[in-house]
Amino acid sequence: MTLAYKMCTTKKHLDIILYGYIFGSWYLSFIAYQVGRQYGDRLAGVYTVDAPDVNFVGAAIAPSLVLCLYFFWIKKNLFYRSLFVIAGAFIANALVLINSRGAYIAVALSIAYFMYHMFFSSFQRKYQKGTAIFILLAGLASLAVVMDRSSIERILSINENTRVQESQETAATRTVFWLAAWDMAKDYPLGTGYEGFSYYSNQYIPDHVNTGRSRNRAVHSTWFETLSEVGYLGLVLFVLMLFSSFKILKITKKHLKKQNMVDDYFKIFALEGTLLAFMVAMTFINRMRAEVLHWCILFACVAYSVYVLNNKDNNVNST
């Protein structure tokens, strides 16, 4: 990560690593398209080195959609626009195959965040609001093609099973895991170490709660994963790391607005969208050590370095 940060020193370098992330998400989505659903209404058998679960894969590729949207909007060449449309279509299709509710919420919020600023920002390109409306309508139309009955039912089930049941495990059971992690942190304020929650969970989850085949379960939330594994101090540092990422992006936006760099200004909103998407997705799964999380942070750091720090250096040298 440090090496990547030091080597990316120009806007072109930043775009290249963003293209690389989009290409990687497209390639993984293409494999998912070839494999298809093999486990009921969900994809199975397509993973990455650090994501041995389809929900993890969904979280890994979900942030790339807002980048596809940004580059489609910004590029003038029809060929390049077509590439981002194709990549976005495959990625959206893979998310439907994965059927992860967390990934659906992550994509919806990140794109809504970007589209909101694209439409209501006082910093506008020519025909920007009209383009935003067109993209919104095109996106809704494409959902009708990509979404199927099982994915719609999966989304609607977010509001169901909100009560913990003793006879079977439901999505609401995760709240029991989160409370157990909180109790665990009281006994282990400095954390229990790697996968500590899974090791000690049988001592903190009430006996009457159905947890499936095993009492040793993952906590199903990065926030509580961090709390249980590295303690209160680790959680504070983790949150500060994310807060700092948004803070430097905010500083970068102010700098770009002063420089009247409209396209780059909205690139920062897209980067905020990627980090927001992963933060939402990781709320429901264990992803504290995920590579893509740290890539999103890397994107923020490189943007700040390229647009703010390097420009300051150039201004000093020129004077």
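Residues numbered from 1 in each chain as written. Predicted model: local features only at pLDDT ≥ 70, side-chain atom pairs only at ≥ 80, totals over all residues. Heavy atoms only, no water.

Quick notes on the packing of helix α2 (residues 11–35) against helix α3 (residues 54–61)
So, step 1. Between α2 and α3, whose axes approach to 10 Å, the crossing angle comes to 145°. Here α2 and α3 pass one another in a crossing that is left-handed. Along its contact with α2, which presents Y21, S25, L28 and S29, the element α3 presents V57, A60 and I61.
So, step 2. Partitioning the contact of α2 with α3 into residue classes produces five nonpolar, two polar and no charged. (Axes fitted to C-alpha atoms, helices over the stretch in contact; angles between N-to-C directions. Helix = DSSP H or I, 4+ residues; strand = E, 2+ residues; numbered from the N terminus. Left-handed = near helix turned anticlockwise from the far one by under 90°. Contact = heavy atoms within 4.5 Å. Nonpolar A, V, L, I, M, F, W, Y, C, P; charged D, E, K, R; others polar.)

Focus on the confidence of the model for the protein
So, step 1. Of the residues in the protein, 89% reach a pLDDT of 70 or more, and the chain-wide mean stands at 87.
So, step 2. The spread of mean pLDDT over the elements of the protein runs between helix α8 (residues 149–156), the lowest at 67, and helix α11 (residues 222–258), the highest at 97. (pLDDT = per-residue confidence, 0-100.)

Digging into the nonpolar core
So, step 1. Membership of the largest hydrophobic core comes to 77 residues, with the highest contact counts inside it found for F114 and L293.
So, step 2. Considering every element that reaches this core, the biggest residue donor is helix α12 (residues 262–282), with 14 residues.
So, step 3. Apart from the residues within four sequence positions on either side, L293 is in contact with F238, L242, L275, F278, M282, R287 and M288.
So, step 4. Counting 11 residues, the second largest nonpolar core, distinct from the first, contains A181, M184, F197 and V209. (Core = buried A, V, L, I, M, F, W, Y, C linked by side-chain atoms within 4.5 Å. Buried < 20%, exposed > 50% of the residue type's maximum accessible area, 1.4 Å probe, protein only.)

Digging into the environment of A132
So, step 1. Within the element layout of this structure, A132 appears in helix α7 (residues 128–146).
So, step 2. What makes A132 buried here is its relative accessible area of 2%.
So, step 3. C-alpha of A132 to C-alpha of M118: the two residues are 14 residues apart in sequence and 6.7 Å apart in space.
So, step 4. In this structure, A132 is in contact with M115, M118 and F119, ignoring residues within four places of it in sequence.

Details of the packing of aromatic side chains
Pairs of aromatic rings are described using the distance from one ring centre to the other and the angle between the two planes.
So, step 1. Scanning all chains against the criterion turns up 28 aromatic pairs.
So, step 2. Taken together, a centroid distance of 5.0 Å and an interplanar angle of 70° make the contact between Y70 and F71 edge-to-face.
So, step 3. The class for F71 is buried, based on a relative accessible area of 1%.
So, step 4. Here F71 and F84 contribute two aromatic rings whose centre-to-centre distance is 5.3 Å and whose plane-to-plane angle is 15°, an arrangement assigned as stacked. Within this pair, whereas F71 is found in helix α4 (residues 64–74), its partner F84 is found in helix α5 (residues 78–98), the two being separated by 13 residues in sequence. F84 carries the same exposure label as F71, and that label is buried.
So, step 5. The structure contains a cluster of three or more aromatic residues connected by ring pairs, namely Y19, Y70, F71, W73, F84, Y113, F114, Y265, F266 and F269.
So, step 6. The ring of F72 has R81 lying over it, and the distance from NZ or CZ to the ring centre is 5.1 Å.
So, step 7. Over the ring of F56 we find R287, and its NZ or CZ is 4.1 Å from the ring centre. (Phe/Tyr/Trp six-rings, centres within 6.5 Å; stacked < 30°, edge-to-face > 60°. Lys NZ or Arg CZ within 6 Å of the ring centre and 35° of its normal.)

Notes on the packing of α4 against helix α6 (residues 101–120)
So, step 1. At a minimum axis distance of 9 Å, the contact between α4 and α6 shows a crossing angle of 30°. As far as their axial angle goes, α6 and α4 are roughly parallel. For the pair α4 and α6, contact is made by L65, V66, L69, Y70 and W73 and by V107, S110, I111, F114, M115 and M118, respectively.
So, step 2. A per-class count over the contact of α4 with α6 returns 10 nonpolar, one polar and no charged. (Parallel < 35°, antiparallel > 145°, perpendicular 65-115°, else oblique.)

Digging into the environment of T48
So, step 1. Along the chain, T48 turns up in the loop between β2 (42–43) and α3.
So, step 2. Owing to a relative accessible area of 28%, T48 belongs among the partly exposed residues under this scheme.
So, step 3. Ignoring sequence-local partners within four residues, the contact set of T48 consists of L28 and V57.
So, step 4. Of note is the side chain of T48, whose polar atom sits 3.2 Å from the side chain of D50. (Polar contact = N/O pair within 3.5 Å; in protein donor to acceptor, adjacent residues only side chain to side chain.)

Focus on a nonpolar patch on the surface
So, step 1. Residues L233, V236, L237, L240 and F243 make up a contiguous nonpolar surface patch of about 510 Å² in total accessible area.
So, step 2. Take V236: it is sitting in helix α11.
So, step 3. Since its relative accessible area comes to 45%, V236 is described here as partly exposed. (Patch = residues over 30% accessible without salt bridge, like charges linked within 9 Å, V, L, I, M, F, W, Y side chains within 5 Å. Areas by Shrake-Rupley, 256 points an atom, 1.4 Å probe, with all protein chains shown as cover. Salt bridge = Lys/Arg side-chain N within 4 Å of Asp/Glu carboxyl O.)

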